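Okay, here's what each chain looks like letter by letter:
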Amino acid sequence: MRISYFFRKPSPHFHSIEEQFYMMQKELPKEVIFENKYAKYSSRGLFRRIYITIQAAFNQAEINHITGDIHFIALFLKRKKTILTIHDIGSALNKKGIKGFIIRYFWFVMPFKRVKYICVISEFTKQEILQEFSIKPEKIIVIP
């Protein structure tokens, strides 16, 4: 089995998500082959995000796992082969106006429709998602 893990562009300031996945990857069975795919650009601006999405579309595997932050890439990944990990939904709840609408729609609403499963880090996050978005509870898996 081949897995592509999709990460945001590496940053010296933000790396906790990556560290969690690196630890998990060490525990994968030997027959699982995985590649970590890093966004070439920071998730800022329309054209950079389009590039990140295209880059992801060309780097798919048997399983595609979006590790967080760049949820919008789900729009161009194969639906039945894609998993999205959500760490929290604060950005969907805290932003207002047009920016809030864009974040809510392209980071949550559309990606939720375009992935097979959503992994969350707590029951609290799962309940927040169920409260804020129209989604089937069985699509969300809690992995503490």
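The coordinates are above.
Here's a quick rundown of the structure. Just so we're clear, the structure is a prediction, and the values are computed from it rather than from any experiment.

Let us look at the nonpolar core. By size, the foremost hydrophobic cluster in this structure holds 24 residues, and its most contacted members are Ile73, Ile86, Phe108, Phe112, Ile118 and Ile129. Going through the elements one at a time, helix H2 (46-57), strand E4 (82-86), helix H4 (97-114) and strand E5 (117-120) are the ones with two or more residues in this core. With four residues, H4 is the largest single contributor of residues to this core. Not counting the four nearest positions on each side in its chain, Ile73 is found in contact with Phe6, Ile52, Thr53, Ala56 and Ile66.

A word on the pairing of E4. For E4, a buried count of five out of five residues is recorded, marking the element as mostly surrounded by other parts of the structure. The alternating pattern of E4 places Thr82, Leu84 and Ile86 on one face and Ile83 and Thr85 on the opposite face, and all of these are buried. Summarising the sheet, strand E3 (residues 63-66) and E4 pair through three bridges and their orientation is parallel. Looking at E4, one finds that Asn64 is bridged to Thr82.

Along helix H5 (residues 123-132), the positions that sit buried rather than exposed are Thr125, Lys126, Glu128 and Ile129. In a view along the axis of H5, the buried residues occupy a sector of 160°, so they form one face of it. The exposed residues of H5 that point more than 90 degrees off its buried face are Phe124 and Gln131.

Within the element layout of this structure, Leu28 appears in the loop between helix H1 (16-26) and strand E2 (33-38). Taking the C-alpha atoms as reference points, Leu28 and Gly97, 69 residues apart in sequence, are found 42 Å from one another. For Leu28, the contacting residues outside a window of four places in its chain are Tyr5 and Phe34.

Moving on to the side chain of Thr82. Relative to the elements of secondary structure, Thr82 occurs in strand E4. Looking at Thr82, its side chain comes within polar contact range of the side chain of Asn64, at 3.5 Å.

In this structure, Ala56 sits in helix H2. Classification of Ala56 by relative accessible area gives buried; the value is 3%. Counting along the chain gives 20 residues from Ala56 to Phe76, while the straight-line C-alpha distance between them is 7.7 Å. With near-sequence residues (within four places) excluded, Ala56 lies in contact with Phe6, Ile73 and Leu77.

Attention now goes to the packing of aromatic side chains. Overall, the coordinates contain 12 aromatic pairs when judged by the stated rule. Feature note: the residues Tyr5, Phe7, Phe21, Tyr22, Phe34 and Tyr38 constitute an aromatic cluster, connected by ring pairs.

Right, let's get into the sheet that holds E2. Read from one edge of the open sheet, six strands run E2-E1-E3-E4-E5-E6, paired in parallel fashion. In this open sheet, the two edge strands, each paired with only one partner strand, are E2 and strand E6 (140-142). Pairwise comparison of adjacent strand axes, ignoring direction, gives a mean angle of 25° for this sheet. Contacting strand E1 (2-7), E2, E3 and E4, H1 crosses the sheet at an angle of about 165° to E1. Running at roughly 145° to E4, H4 makes contact with E4 and E5 of the sheet.

Conventions and cut-offs
Residues numbered from 1 in each chain as written. Predicted model: local features only at pLDDT ≥ 70, side-chain atom pairs only at ≥ 80, totals over all residues. Heavy atoms only, no water. Core = buried A, V, L, I, M, F, W, Y, C linked by side-chain atoms within 4.5 Å. Buried < 20%, exposed > 50% of the residue type's maximum accessible area, 1.4 Å probe, protein only. Helix = DSSP H or I, 4+ residues; strand = E, 2+ residues; numbered from the N terminus. Contact = heavy atoms within 4.5 Å. Pairing = 2+ DSSP bridges. Arc of directions from axis to C-beta. Polar contact = N/O pair within 3.5 Å; in protein donor to acceptor, adjacent residues only side chain to side chain. Phe/Tyr/Trp six-rings, centres within 6.5 Å; stacked < 30°, edge-to-face > 60°. Axes fitted to C-alpha atoms, helices over the stretch in contact; angles between N-to-C directions.

Spatial relationships are all this shows, so hold off on functional conclusions.
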